[in-house]
Amino acid sequence: SQYSAVDTNPLSVYIMQPIWNKIIKIVPLWIAPNLLTFSGFVMILFNYFLISFYDWDYTASGTSPGLVPTWVWLFSAFTTFCAYALDSIDGKHARRTQSSTPLGELFDHGLDSWATSIFVLSFFSVCSRDNGKTGVSVYTMYIYLSIVLFNFMCSHWEKYNTGVLFLPWGYDISQVVLIAAYLLTGTVGVEIWQKPLLFGYYITDVLVILLIGFSLFLSFPQTLYNIYRAHVKKTLKNDSLYEGLLPLVSPLLLFLLLTVWVVFSPSNILAKQPRLFLWMVGVAFSNVICKVIICQMSSTRPELFHWFLFPLALVVYAAISGLLGCMEEEVLGMFTALLTAAHVHYGVCVGRQLSEHLNIYIFSLKKRVQE
């Protein structure tokens, strides 16, 4: 299927695109587009681990503001901008080098599905967790992350049904807000997040309200409208309602299971290990959504239940029934490590299969020699 995407965001069209068109000219033609995509992802990961090192439990900004050095925030702004730039030019570079492939599309969206949660998790360090006076509660963090991931899922669910990826307005806006937030934190200090901005509201409150507003009143209705329009024009890829809603089953069950764990955890797992738990949420989501992206690209049907919902259901049941006892944190740690390894393994396998099938290398523009 031919890749088609629509971008109507004024920020993107009038401000960012002209910048990317300038940057792309300095990229050497021998560089593979996937290398750009991957480099951006590695920068996001590196930055996330750097912040985690200084602020494992999301309390650094709230309790002792100097704990995270200023250069870390400025470095975060830099890596976020680079990742944003690389993610925005990889497709242009592929067209420029005439190397657009389904592998590139999958690589780009697959890594995006993981990066989305990592961006959010890094940002939580800026606003820090609730310490009674300022900050965001870990439950708000969980809901906030879920809304962002729900948004990401919607645009790919829409593409599954319409064949067109309508780029959400939230993407460019969120990247620019993130970079600005890091720059602000680096130059003024984390204290800025702990003083009321307007009418007793903090900047974080404003951002959360904006995010929820954007998601529920702009992105989601837009998705439904685009699907409805395709239905009217008779261009929908799936005739039946069942087929159309199928990709939503696994992500919604995933969210349901995770929420049950958060709410009924005997040891209050989210409060004890917010970083581990939220990382696990992001990886699980990425794995589920990658399957949807592959189905949508290959015009195949997604399975009703993603395999990994079964082990997750077992772990959640063991946790909330008290079977795990005081081992809940350890089990979460092991489960997260296994899940992350399984996700990386899955990505490597899919990449290999596609590169062999399409007769190309992932990180090089050279063609494979046919045996």
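Residues numbered from 1 in each chain as written. Predicted model: local features only at pLDDT ≥ 70, side-chain atom pairs only at ≥ 80, totals over all residues. Heavy atoms only, no water.

- An unreviewed UniProt entry lists the chain under the name Ethanolaminephosphotransferase 1, with Donacobius atricapilla as the source organism.
- Quoted verbatim from the Subcellular location (unreviewed entry) field of the UniProt record, the comment on the chain reads "Endoplasmic reticulum membrane".
- The Sequence similarities (unreviewed entry) field of the UniProt record for the chain holds the comment "Belongs to the CDP-alcohol phosphatidyltransferase class-I family." (UniProt positions renumbered as here; feature names shortened; annotations may be inferred.)

**Examining empty space enclosed by the protein**
Line of reasoning, step 1. Applying the stated criterion across every chain, the model contains three cavities of 30 Å³ or more.
Line of reasoning, step 2. Computed from the structure, the largest cavity encloses a volume of approximately 80 Å³.
Line of reasoning, step 3. As for the largest cavity, its lining consists of Leu-246, Pro-247, Val-249, Ser-250, Pro-251, Val-288, Lys-291, Val-292, Pro-302, Glu-303, Leu-304 and His-306.
Line of reasoning, step 4. Top contributing element to the lining of the largest cavity by residue count: helix H9 (residues 241-264), with five residues.
Line of reasoning, step 5. Its boundaries defined by the atoms lining it, the second largest cavity holds a volume of some 60 Å³. (1 Å grid on protein atoms, 1.4 Å probe; cavity = no way out; pocket = protein on both sides within 12 Å on 5 of 7 lines; lining within 4 Å. Points joined across faces, edges and corners; volume = space filled by probe spheres on them. Helix = DSSP H or I, 4+ residues; strand = E, 2+ residues; numbered from the N terminus.)

**Details of the pattern of salt bridges**
Line of reasoning, step 1. Counted by the stated rule, this structure contains three salt bridges.
Line of reasoning, step 2. Between Glu-329 and Lys-272 there is a salt bridge, and its shortest N-O distance comes to 3.6 Å. Residue Glu-329 is located in helix H13 (residues 328-358), and its partner Lys-272 is located in helix H10 (residues 269-272); the two are separated by 57 residues in the primary sequence. (Salt bridge = Lys/Arg side-chain N within 4 Å of Asp/Glu carboxyl O.)

**Looking at the layout of surface pockets**
Line of reasoning, step 1. Counted as a void, the second largest pocket has a volume near 500 Å³.
Line of reasoning, step 2. As for the second largest pocket, its lining consists of 23 residues, of which Phe-107, Leu-111, Val-344, Gly-347 and Val-348 are closest to the centre.
Line of reasoning, step 3. For the lining of the second largest pocket, the elements supplying multiple residues, two or more each, are helix H2 (33-54), helix H5 (102-127), helix H11 (274-298) and H13.
Line of reasoning, step 4. For the lining of the second largest pocket, the per-class residue count stands at 17 nonpolar, five polar and one charged. (Nonpolar A, V, L, I, M, F, W, Y, C, P; charged D, E, K, R; others polar.)

**Some details on the side chain of His-306**
Line of reasoning, step 1. For His-306, the location among the structural elements is in the loop between H11 and helix H12 (309-320).
Line of reasoning, step 2. At a separation of 2.8 Å, a polar atom in the side chain of His-306 contacts the side chain of Asn-287.
Line of reasoning, step 3. Beyond its immediate stretch of four places on either side in the chain, His-306 contacts Ser-250, Asn-287, Val-288 and Lys-291. (Polar contact = N/O pair within 3.5 Å; in protein donor to acceptor, adjacent residues only side chain to side chain. Contact = heavy atoms within 4.5 Å.)

**Section: H9**
Line of reasoning, step 1. Spanning 24 residues, H9 covers 33 Å between terminal C-alpha atoms, matching the ideal 34 Å at 1.5 Å per step.
Line of reasoning, step 2. For H9, the principal kink sits at Pro-247 and spans about 35°.
Line of reasoning, step 3. Lining the buried residues of H9 we find helix H6 (138-162), H10, H11, H12 and H13. (Expected span 1.5 Å × (residues − 1). Bend = angle between axes of the 7 residues up to and from the residue.)

**Observations concerning the packing of aromatic side chains**
Line of reasoning, step 1. Counted according to the given criterion, the structure contains 26 aromatic pairs.
Line of reasoning, step 2. Between the aromatic rings of Tyr-48 and Phe-49, the centroid separation amounts to 5.4 Å while the plane-to-plane angle is 65°, which identifies the pairing as edge-to-face.
Line of reasoning, step 3. Geometrically, the ring pair formed by Tyr-58 and Phe-124 is edge-to-face, given 6.1 Å between the ring centres and 80° between the ring planes. Here Tyr-58, found in the loop between H2 and helix H3 (60-63), pairs with Phe-124, found in helix H5; they are 66 residues apart in sequence, far enough to count as distant. (Phe/Tyr/Trp six-rings, centres within 6.5 Å; stacked < 30°, edge-to-face > 60°.)

**A short note on unusual backbone geometry**
Line of reasoning, step 1. In this structure, Ser-299 is a non-glycine residue whose phi angle is positive, near 50°.
Line of reasoning, step 2. Structurally, Ser-299 can be placed in the loop between H11 and H12.
Line of reasoning, step 3. Non-glycine residue Asn-359 carries a positive phi angle of around 65°.
Line of reasoning, step 4. Position of Asn-359 among the secondary structure elements: in the segment after H13.

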